[in-house]
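Okay, here's what each chain looks like letter by letter:
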Amino acid sequence: MAKKMGFSPESLLKQFSPKKKVKNADLSLENLGLTTSQISDALKNLTREYGVVPGVKPIKDNLKISGRVITVKTQQDDWGTSLKAVETSSKGDIIFIACDGDKVGVWGEMFSRYAQEKGVQSTVVYGAVRDVEAVKELDYPVFSRSIVPHAGTPRAEGEINIPIECGTVTVKTGDWIFGDDCGVVVIQAEILDQVIVESLKIKKTEEKILNQIAEGKSLSDLLGIK
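Since we're looking at a predicted model, the values are computed, not measured.

1. With respect to the nonpolar core
With 20 residues, the main nonpolar core has Ile 95, Ile 97, Trp 107, Val 129, Tyr 140 and Val 142 as its most contacted residues. Those elements giving two or more residues to this core turn out to be strand 2 (65-73), helix 4 (80-88), strand 3 (94-98), helix 5 (109-118), strand 4 (122-129) and helix 6 (132-138). It is helix 6 that contributes the most residues to this core, 3 residues altogether. Among all residues touching Ile 97, those that are not within four sequence positions of it are Val 72, Thr 74, Ser 82, Val 106, Trp 107, Thr 123, Val 124, Val 125 and Tyr 126.

2. Here we look at the confidence of the model for the chain
For the chain, per-residue confidence averages 91 on the pLDDT scale, and residues scoring 70 or more make up 89% of the total. Note on residues 1-6: pLDDT under 50 across the span, and 0 contacts to partners over four residues away in sequence or across chains.

3. Let's talk about the packing of helix 3 (residues 36-47) against helix 7 (residues 192-214)
Two packed helices can be described by the angle between their axes and the distance between those axes. Direction vectors running N to C along helix 3 and helix 7 enclose 115°, while the axes themselves pass 8 Å from each other. The interaxial crossing formed by helix 3 with helix 7 has right-handed handedness. The segment helix 3 lies against helix 7, with Gln 38, Ile 39, Asp 41, Ala 42, Leu 43, Asn 45 and Leu 46 engaging Gln 194, Val 195, Glu 198, Ser 199, Ile 202, Lys 203 and Glu 206.

4. Considerations on the pattern of salt bridges
Two side chains bearing opposite charge may form a pair once their charged atoms approach each other closely. For the coordinates displayed, the defined rule picks out 7 salt bridges. A salt bridge links Asp 139 to Lys 60, with the nearest nitrogen and oxygen atoms 3.0 Å apart. Remark: Lys 60 occurs in the loop between strand 1 (57-58) and strand 2 and Asp 139 occurs in the loop between helix 6 and strand 5 (142-147); sequence separation between them is 79 residues. Asp 139 gets classed as exposed once you look at its relative accessible area, which sits at 51%. Of the charged contacts, one joins Lys 172 and Asp 175 as a salt bridge, the two residues approaching to 3.4 Å between their closest N and O atoms.

Criteria and thresholds
Position numbers for residues count from 1 along each chain, tracking the sequence in the order it is written. Side-chain atom pairs in this predicted model are given and counted only at pLDDT of 80 or more, local residue features only at pLDDT of at least 70, and totals for whole chains, interfaces and linings cover all residues. Note: side-chain values were computed over all heavy atoms of the structure, leaving out hydrogens and water. Only buried residues count toward a nonpolar core. Its members are Ala, Val, Leu, Ile, Met, Phe, Trp, Tyr and Cys residues joined through side-chain atoms within 4.5 Å. Exposed residues in this analysis have more than 50% of their type's maximum accessible area, buried residues have under 20%, and partly exposed residues fall in between, with area computed by a 1.4 Å probe over protein chains only. Numbering of helices and strands starts at the N terminus; helices are DSSP runs of H or I of at least 4 residues and strands are runs of E of at least 2. Contact definition: two residues touch when any of their heavy atoms are within 4.5 Å. pLDDT expresses how confident the predictor is about each individual residue, on a scale running from 0 to 100. Orientation is described by lines fitted to C-alpha atoms, with helices fitted over the stretch in contact, and by angles between N-to-C directions that extend from 0 to 180 degrees. Take the far helix as your reference; a near helix turned counterclockwise from it by less than a right angle gives a left-handed crossing, and one turned clockwise gives a right-handed crossing. Note on definitions: salt bridges are taken to be side-chain nitrogens of Lys or Arg within 4 Å of carboxyl oxygens of Asp or Glu.

Take a look at the structure:
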């Protein structure tokens, strides 16, 4: 099978000029050639915030996600709200569920299958998930703080589409999430294009430094560290 050609930072930067609409671009991490580390660095340069959701990691290796968020706030022993979120989501959405703890699962195999059938892109849980073996086999991307075997009850008493505080990070419906092996970064929709441009500049700089290291240059000198 032919290898897919990559994109240079220079060519991608042209896609994000002020005359272009970011919503029309492919913002997958694969297309951009970016990592969450570069995106978080870019956000810090622009806002002094990292945007990293604490403790959240993919349930298996090599998962990459990027897309708009629908937010869910619920108690950890109430998985009914998670079901409501799937049924109100749209194709391509990322469901972001925040719980009051991570000792009881609010997401598992059935919800992953249901979400996948509806065209939901992935689920991020600031809490616990279960059934991970089955979810891995579905190849449905799930990120979470912890993994447990048990679930609560279907009370469906939580809220959907409200701002959520996760440590020092606020997540709102319509924000963008980028996730990979390092974790999850949240970007406000209003500054998404600026963050992408800054991330591509960081990528270009890093590539230049790596090339100079390969030529025998001192990393301390390149970074200006005395």
